Amino acid sequence: MERHEIEAFLTLADELHFRRTSERLGLAQGRVSQTIKKIERRIGVPLFERTSRRVTLTPAGRQLHDDLAPAYRAVQEAIARAVAAGRGVTGTLRVGFSAPWSNELVVLAADLFRARYPGCDVRIREVQLADPLGPLRAEQLDVQLTEFPVDEPDLVTGPTVVSEPRGLMVPAKHSLTRQDSVSVEDMARLPMVVMSGEIPQYWLDHHYPSRTPQGRPIAHAAACTYWQEVLTLVSMGRGASPAALRAAQYHMRPGISYIPLRDANPIEYGLLWRRTGATARVKAFAETVSEIAGIPGSPDALRTGSSSPAGS
């Protein structure tokens, strides 16, 4: 059997429908029917039972499918491994994420990436906000999905792939909780609990400003190393903290309320990797993430890369 005959038979065996089979193969329905009849004449027995309402496999067709499908998959996987090896998409790719909602995109991309490049394993780990760039620079990670802005000469940033509305996380008993939304100007009404650590100052200024747009001072009450500390202090009434509104789905606890910041820019997330680490694995994964995120024209942008802040 020739390759196109095998593909036609296995696809029809999966779909049990000539129109869907023709659509999957990109062939005319009559061409599919002719191919199946040719195979049946060669073998000498019917492989499918056809009626006006349904298509089913005959016992001989079922046996051929069970024998042929594993061998065909093995051939396809061997071809995929050869293509991946030729592109350098083999080995292990280490991927970091900083927020659980961005991890969902990473996991989906990893599943598709593994299917496309079976010779390359993907390992995923969380990155702490207190040292957002350390693991990448220490070569513990190859690529990372994290909060923008990032403007570092040794790192390349891809396009924004996740954009989350920003909110204010406040003590549940604070008077602001009586409002449907708050303004950035309201951040001056109570102290802010902020992150600290090996974090670029421009990143801190972007996410934890010291003044409102109208110039009112925003007090910084406490600096935390871990996000759980932020949650604890806010729930105890020690201050508020800006956060993605979606955090309410992952970090809700007694004593905390999440309120939309109606006039704040969203929190943007994107990929970054070392300028010296732009391997075929990294580029292929970046393209996969952008494809799932629906970023138009992303492959060309990812091949060139950028070191400018992508989320300011």
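A short tour of the structure in this document, coming up. These numbers were taken from a predicted model, which means no experiment stands behind them.

1. Brief notes about the environment of Met169
Residue position: Met169 is located in strand E7 (residues 166–171). On the basis of relative accessibility, which here comes to 0%, the residue Met169 falls in the buried class. A sequence separation of 76 residues divides Met169 from Leu245, and the C-alpha atoms of the two residues are 8.4 Å apart. Not counting chain neighbours up to four residues away, the residues in contact with Met169 comprise Trp227, Val230, Leu231, Val234, Ala240, Ser241, Ile256, Ser257 and Tyr258.

2. Quick word on the pattern of salt bridges
All chains considered together, the criterion is met by 17 salt bridges. Here Glu15 makes a salt bridge to Arg20, at a shortest N to O gap of 3.0 Å. In this structure Arg20 comes out as partly exposed when scored by relative accessible area, which is 34%. Taken together, the salt bridges that share partners define one network made up of Glu5, Lys38 and Arg42.

3. Looking at the environment of Thr58
With respect to the element layout, Thr58 can be found in the loop between strand E2 (55–57) and helix H4 (59–87). The spatial distance from the C-alpha of Thr58 to the C-alpha of Pro46 is 6.9 Å, given a sequence separation of 12 residues. With residues near it in sequence (within four places) discarded, Thr58 still touches Pro46, Leu47, Phe48 and Glu49. A polar contact of 2.8 Å, which involves the side chain of Thr58, links it to the backbone oxygen of Pro46.

Rules used throughout
- Residues numbered from 1 in each chain as written.
- Predicted model: local features only at pLDDT ≥ 70, side-chain atom pairs only at ≥ 80, totals over all residues.
- Heavy atoms only, no water.
- Helix = DSSP H or I, 4+ residues; strand = E, 2+ residues; numbered from the N terminus.
- Buried < 20%, exposed > 50% of the residue type's maximum accessible area, 1.4 Å probe, protein only.
- Contact = heavy atoms within 4.5 Å.
- Salt bridge = Lys/Arg side-chain N within 4 Å of Asp/Glu carboxyl O.
- Polar contact = N/O pair within 3.5 Å; in protein donor to acceptor, adjacent residues only side chain to side chain.

In short, shape yes, function no, at least from these values alone.
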